[in-house]
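Structural overview
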Amino acid sequence: MSRTFAVIKREFTESVRTKMFIIMTLFGPLLMVGFVALEVAMMRSGGGEKALTIVDATPAAVGSRVAQMLQAASPGEKASDRTTFKVDVVELTGKDAAAVRNELQGRIDRKEIDGYLWLPAGVLASEPAMYVGRSATNMGLVEQLRGSVQGAVQSVRLADQGIDPRRLGEALRPVSLETRKAASGAAQGSGTALFFLGYTLGMVVYLVIIIFGMAVMRGVLEEKKDRIVEVVVSSIRARQLMLGKVLGIGGASLVQVAVWAGFAALTLHYGPQVMARLGAPGMTMPQVPGSVAGIFLLYFAGGFFLYASLYAALGAMAASDQDMQQLQLPGTMILLLSYMVMFRAMTDPEGQLAVISSWVPFSSPMVMPIRSALTAVSPLEMAGSFATLILGGLLIIWVGGKIYRVGILATGKKPSMAELVRWVRAA
Amino acid sequence: MAEARAPGGGEAAIVLRGVRKAFGSLVAVRGIDLVVPRGATYGLLGPNGAGKTTTLRMLLGILEPDAGTVELLGSPRTAASLDRVGYLPEERGMYRRMTVRRALSFFAELKGVSPRVSASRISKWLERFGLGDRGESRVQELSKGNQQKVQLIGTLLHEPEIVVLDEPFSGLDPLNQQVFKDVIAELRAAGKTILFSTHIIEQAERACDHVCIIAAGDKVLDGRVADVKREHGSENLAIDLEEPTPAAVAIVRASSEVREVREDGAVLEAVLNPGADAQPVLAALVGAGIRLRRFERVEPSLEQIFVELVRDTTPRTAEKEVAHV
């Protein structure tokens, strides 16, 4: 055991001494927040002022209504996220359509305007409106244009039917529904905040497993390629080496996750105050009970053990970096699939998929902590799920250990499936 | 089981009995018996692909034999007995990104030597090899020769009783070869058992007191170097003429003491019959007025024995490279 400990110690200290580890540990949370923020920003991706010309060919002056709606800020939207419009309405009556188009195209080319919106005479019936602009794929912009055109056309149609659009709007005013989980023991907070929490937890598990799983795989290949392994296994058993590697690198990853969890706890605790102090009372922070954090760490450790062993076995099969790139694929695919399952489970934590995937060792490390955060999972189910995770982990280690034992000494080409079966039998 | 006795009476450090290993359909080692006496310097000789490394790996527990037994220092091989063995593999390798000291400390720890104990030994060895100031350098920052020295240190930090060296001189420049030779000579003087494999027979002949020649996974012969030479080799005459003389070749060839003559210009090499007397050959040459630069009885070289024996026994690996000599 003391020899295994020597390996654990080496793997751990060598891992935490790398610059990458230090940077990721300290700046990982920032990176993660930045990542999420970037994603949100990309989804909105609006802002700025757009110069727009509306060509109105309709008899009912739809164009000026569209202009009005574009210029009115929709409620609940922050000014900074919104595209503002400088609109210019042109009546088509009496002009040659083709000439107008040419002229507008010229103005776009000269960057005098960003685009023009063409409202054909039949737009009230079903003829499509057309936007021609420099960025026809800017989703935020297109969404705003569509909404405005639709609103304007609908209000004209309603007026034609003798209905006052304002009164209709009053009647159709949306009702807001706040969601909170009633389950005791689960995290408390608004639905959005919980979703955000689940998203972050899943992301952390996915990233950490992939980063450190790869580190295990690279480490195995390094020992093999640099011919270190021969000396090592003349002193200790291959099994001890593999175990020490997985536990040592796993320990390093746990340190990183614990530091991140500390950051997260601080954020959850002081976040609202800080936000309020900054004059931006953001969303309510979810309250995470200690049990959820405990379950998260437990499942993270179990999941890491499972995946790291898998990556170690895959690494033992590789003889070169190219092999490694191919061989990491199965591990990464399983992980990615579990990540996707987790998303699905998050939207319906009581559903069949969520329940079944909680019992599958590969996906339970991702699904279960999130389920336990979002809903009440019975202790029996939790215990059973954790037991299958550990059993699955042990099975992977057992098979992986056999592959590892033969694989670390095998050089040359990658083993075929038949050879692999023989390795497992022979070892 | 009674402790195995080495030929010559000493206690055995290493005993292999009927050890066999196959990889799929390729039989690498076909049931080898090997007894290495304690304190011996033992050479395992054979052409490339003969099964030397596989034999060493089975001895060290890196590979498990398909059949046969391995004993170290008088009892079946265990993790504890492996702690008393040091191994330098042919393909050298170190953790390149670790510092020299940390890498060495790790290797010592794998053999059960605590970092506290190994620290001073590491310093001593590094000083000796002129690497005293490189302890905190990363292994990859060292020259190849220095990396090899570091690995040799790693092999010896736990002060093993048995030192196993696989092709120890391969890839070393002449200076470092000398460093390695000096260390081996010291280990030998300190009474350690040294087992090394090589395909360079000259090295074995100079360094070893025992040899085992294997070819195509089989043992061809083993024993003390002197015995092997006596039993398998024949004595030679080295004759240098002042100038090439066909008459001289004819005289030597005609002698009843001589079995075979090889000529190369003015240099003749005559293989004597067992128990032959060289004096009549000299007398005949001098009597014929042939001028000589040199007339010497020489021992057979191990290389010659090796080539003859291995040539006879390696039809199975005919396609493989045979003995870089």
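Residues numbered from 1 in each chain as written. Chains lettered and ligands numbered in written order. Predicted model: local features only at pLDDT ≥ 70, side-chain atom pairs only at ≥ 80, totals over all residues.

**Regarding the overall build of chain A**
Within chain A, the secondary structure is distributed over 15 helices and four strands. Among the 427 residues that make up chain A, the fraction classed as buried is 38%. Within chain A, contacts between residues separated by at least 24 positions form 77% of all contacts whose residues are at least 6 apart in sequence. (Helix = DSSP H or I, 4+ residues; strand = E, 2+ residues; numbered from the N terminus. Buried ≥ 20, exposed ≤ 12 C-beta atoms within 10 Å, placed from the backbone. Contact = placed C-beta atoms within 7 Å.)

**A few points about the pairing of strand β4 (residues 67-72) of chain B**
Residue and element names in this part refer to chain B. Direction of pairing for strand β1 (residues 12-23) relative to β4: antiparallel, over a ladder of five bridges. Bridge pairing links Leu-16 to Val-70 in β4. Pairing between β4 and strand β5 (residues 75-76): two bridges, direction antiparallel. Looking at the pairing, Leu-72 lines up with Ser-75 of β5. Remark: two residues form the turn of the hairpin made by β4 and β5, two consecutive strands paired antiparallel; Leu-73 in that turn has positive phi of roughly 50 degrees. (Pairing = 2+ DSSP bridges.)

**Here's the deal with the sheet that holds strand β7 (residues 162-166) of chain B**
All names here are of chain B. Taken in spatial order, the six strands of this open sheet run β6-β7-β8-β3-β9-β10, and their pairing is mixed. Strands with a single pairing partner mark the edges of an open sheet, and in this sheet they are β6 (85-88) and β10 (218-224). The average undirected angle you get between the axes of adjacent strands in this sheet is 15 degrees. Across the sheet, helix α8 (residues 225-232) lies against β9 (210-215) and β10, angled at about 115 degrees from β10, the strand it touches most. (Axes fitted to C-alpha atoms, helices over the stretch in contact; angles between N-to-C directions.)

**Overview of the interface of chain A and chain B**
The figure often quoted for interface size is the accessible area lost as the parts come together. If you look at the interface, chain A gives 15 residues, while chain B gives 18 residues. Breaking the side of chain A that touches chain B down by element, the ones donating at least two residues are α1 (2-16) and α8 (229-233) of chain A. Across the side of chain A that touches chain B, the residue classes break down as seven nonpolar, two polar and six charged. (Nonpolar A, V, L, I, M, F, W, Y, C, P; charged D, E, K, R; others polar.)

**So, helix α4 (residues 97-109) of chain A**
Turn by turn, an α-helix covers 3.6 residues, leaving residues three or four places apart pointing in a common direction. All names here are of chain A. With 13 residues, α4 ought to run about 18 Å at 1.5 Å a step, and its terminal C-alpha atoms sit 18 Å apart, in line with that. In terms of burial, α4 is a largely surface element, zero of the 13 residues being buried. Just past α4, the residue Lys-111 takes up positive phi, approximately 60 degrees. (Expected span 1.5 Å × (residues − 1).)

**What about the domain arrangement of chain B?**
Annotation of chain B at the domain level lists domain 1 (12-84 + 160-230) and domain 2 (234-299). Put simply, the middle of domain 1 of chain B and the middle of domain 2 of chain B, counted by C-alpha atoms, are 38 Å apart. (Domains from an automatic or database assignment.)

**Some details on the nonpolar core**
Core analysis: the biggest nonpolar cluster contains 142 residues, and A:Val216, A:Ala308, A:Ala312, B:Ile14 and B:Val164 have the highest contact counts within it. Looking at this core, the element that brings in the most residues is helix α10 (residues 290-317) of chain A, giving 17 residues. For B:Val164, the residues in contact, after removing those within four places along its chain, are B:Leu56, B:Leu59, B:Leu60, B:Val85, B:Gly86, B:Tyr87 and B:Leu195. (Core = buried A, V, L, I, M, F, W, Y, C linked by C-beta atoms within 7 Å.)

**Points about unusual backbone geometry**
Residue and element names in this part refer to chain B. For Glu-159, which is not glycine, the phi torsion reads 50 degrees and is therefore positive. Mapped onto the elements, Glu-159 comes out in the loop between α5 (144-156) and β7. For Glu-159, a count of 13 C-beta atoms within 10 Å corresponds to the partly exposed category. A positive phi angle, near 45 degrees, is found at Glu-167, a position not held by glycine. Position of Glu-167 relative to the elements: it lies in the loop between β7 and α6 (174-189). By the C-beta count within 10 Å, which is 22 here, Glu-167 ends up buried.

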